[in-house]
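Overview (structure and organization)
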Amino acid sequence: MSDLRAMMARQVRDGRVDWIGLRSARRADIRAVDGVDVTEDGLAGDHGHAGKRAVTLIQAEHLPVITALCGTQAAPERLRRNLVVSGINLASLRGRDVRIGTAVLHLTGPCPPCSRMEEELGPGGYQAVRHHGGWYAQVVTPGAVAVGDAVLPVAA
């Protein structure tokens, strides 16, 4: 293994699930929960569906950045993602599998902000979230996820 490949595979520490949110319908309010079952369609009780966008994740460390860029509090429920994760660089896991609780997700790509960000965060909210909006994931192995669970890259 080359030094670069080894460095790219190595994480400083495991990540952690800080928050879980469910939306029963597309524009419905987000309901925070302590734990959830992950099915092939995404999180049970969420409006997601099977495929590369079944679950959405956002980096907890990006919330203060979005807040600074838009001038209003970027709380998880306002950003409309399913899982808030801290302590691990989600961008470095693109195209890889991650174990969260007993579920395994495959990070498929970045989540662009939706037009709802202007409603939630005010004028410029869309731009504030650009490149900080999180990641889509496909469900590889259904399981259960709870706040406090580790986020671990699956060895290739």
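Here's a quick rundown of the structure. (Residues numbered from 1 in each chain as written. Predicted model: local features only at pLDDT ≥ 70, side-chain atom pairs only at ≥ 80, totals over all residues. Heavy atoms only, no water.)

Attention shifts here to the sheet that holds strand β4 (residues 42–43). As summarised here, the arrangement of the 3 strands in space is β4-β3-β10, forming an open sheet in which the pairing is antiparallel. Each having just a single partner strand, β4 and β10 (143–146) make up the two edges of the open sheet. Across 2 bridges, strand β3 (residues 35–39) lies against β4 in antiparallel orientation. If you follow Val38 over to β4, its bridge partner there is Leu43. (Pairing = 2+ DSSP bridges. Helix = DSSP H or I, 4+ residues; strand = E, 2+ residues; numbered from the N terminus.)

Here we take up unusual backbone geometry. Here the phi dihedral of Arg80 falls at roughly 65 degrees; this positive angle occurs in a residue that is not glycine. Its place among the elements puts Arg80 in the loop between α3 (76–79) and β6 (83–86). The backbone phi angle of His131 is positive, close to 70 degrees, even though this residue is not glycine. Structurally, the position occupied by His131 is in the loop between α5 (125–129) and β9 (135–141). Taking the relative accessible area as the measure of exposure, His131 reaches 71% and is therefore exposed. (Buried < 20%, exposed > 50% of the residue type's maximum accessible area, 1.4 Å probe, protein only.)

All right, on to the side chain of Arg116 then. Mapped onto the elements, Arg116 comes out in helix α4 (residues 116–121). At a separation of 3.5 Å, a polar atom in the side chain of Arg116 contacts the main-chain carbonyl oxygen of Arg27. Among all residues touching Arg116, those that are not within four sequence positions of it are Arg27 and Arg80. (Polar contact = N/O pair within 3.5 Å; in protein donor to acceptor, adjacent residues only side chain to side chain. Contact = heavy atoms within 4.5 Å.)

Our focus in this paragraph is the pairing of strand β8 (residues 103–110). Across 4 bridges, strand β7 (residues 97–100) lies against β8 in antiparallel orientation. Paired with Arg99 across the bridge in β8 is Val104. Counted along the chain from β7 to the antiparallel partner β8, the turn is 2 residues long, and its residue Gly101 has a positive phi close to 65 degrees. One ladder, built from 6 bridges, connects β8 with β9; its direction is antiparallel. Directly across from Gly109, in β9, lies its bridge partner Tyr136.

With that settled, the discussion passes to the pattern of salt bridges. Going through the model one piece at a time under the given rule, you end up with 6 salt bridges. As a salt-bridge pair, Glu120 and Arg78 come within 3.3 Å of each other at their nearest N and O atoms. Highlighted residues: Glu120 in helix α4 and Arg78 in helix α3, separated in sequence by 42 residues. The exposure class assigned to Arg78 is partly exposed, which follows from its relative accessible area of 22%. One salt bridge in this structure joins Arg116 and Glu119, with 3.4 Å as the shortest N-O distance. Of this pair, Arg116 and Glu119 both sit in helix α4, 3 residues apart, which is roughly one turn of the helix. Residue classification places Glu119 among the exposed residues on the basis of a relative accessible area of 51%. (Salt bridge = Lys/Arg side-chain N within 4 Å of Asp/Glu carboxyl O.)

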